Amino acid sequence: MIASLTGTVTVVRLNSVVLDVGGVGYLVYATPSTLATLRSGEQASLATYLVVREDSMTLYGFGDPDDREVFEIVQTVSGVGPRLALAMLAVHSANDIRMAVINQDVKALTRVPGVGPKVAQRILLELAGKMAAPVIVQGRGGPVPVAQTDERSQVIEALVSLGWNAKAAEDAVETVLKDKGESIVVSAAVPSTLRSALKVLGGQRG
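Thresholds applied
Residues numbered from 1 in each chain as written. Predicted model: local features only at pLDDT ≥ 70, side-chain atom pairs only at ≥ 80, totals over all residues. Heavy atoms only, no water. Helix = DSSP H or I, 4+ residues; strand = E, 2+ residues; numbered from the N terminus. Buried < 20%, exposed > 50% of the residue type's maximum accessible area, 1.4 Å probe, protein only. Lys, Arg positive; Asp, Glu negative; His and termini not counted. Salt bridge = Lys/Arg side-chain N within 4 Å of Asp/Glu carboxyl O. Contact = heavy atoms within 4.5 Å. Phe/Tyr/Trp six-rings, centres within 6.5 Å; stacked < 30°, edge-to-face > 60°.

Engineer: So what exactly am I meant to see when it comes to the side chain of R68 here?
Structural biologist: By the element assignment, R68 lies in helix α2 (residues 65-74). It turns out R68 is buried and unbridged, and the closest side chain with the opposite charge, E72, is 4.1 Å from it. Those residues in contact with R68, other than ones at most four positions away along the chain, are A3, A47, T48, Y49 and F62.

Here it is as structure tokens:
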């Protein structure tokens, strides 16, 4: 089991990164939010999970070991493989997935591409009791929402690492925010904003 990798980032792609560890390049699949933190030429450490099949070995990487833990647990559900587990973490944080399980929130899981109501219900049923409790910030009057910060720089840097110039990346993010009627990119929206910005830029290139 390859539990972690530390090395130099050589290539950052839309859904994966190549990490040079001691002269060996490891192809690691990751979520947009994890990839947005990686820069070509810089050192990086990822918690990893190796999926072994008869004809392949595939590495999945996570900026937070907590994401890897949820990735592993989700795959205990019948019919859920690594790609769907990764898609869940691309849409929701590990804590949000735990919250959905606790609240039996079918609607939250159906936001994940490839997860319909029946699949969502099966996931919630089979994960009940398997996950740690979600982290909730408490105040005197009950749960306190965490202040939202603007994470647009993560999206812009991810686009630049994928080959777009900074001005084009900034304009694409502004277009996405305008279309959504929003003024900032919250942390949970980094992956979806990145995907939407790529669609905007792809249309311009075409």
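We are not done yet, so read on.
Engineer: Whenever I open this one, the environment of G23 confuses me. Can you help?
Structural biologist: In this fold, G23 is placed in the loop between β2 (16-21) and β3 (24-29). As for G23 and G7, which are separated by 16 residues in sequence, their C-alpha atoms are 9.2 Å apart.

Engineer: Can you help me understand the packing of aromatic side chains in this one?
Structural biologist: In this description, an aromatic ring pair is defined by two values, namely the gap between the centres and the angle between the planes. In this structure the tally under the stated criterion is 4 aromatic pairs. With a centroid separation of 5.2 Å and 40 degrees between ring planes, the pair formed by Y60 and F71 is classed as tilted. Highlighted residues: Y60 in strand β5 (residues 57-62) and F71 in helix α2, separated in sequence by 11 residues. The structure contains a cluster of three or more aromatic residues connected by ring pairs, namely Y29, Y49, Y60, F62 and F71.

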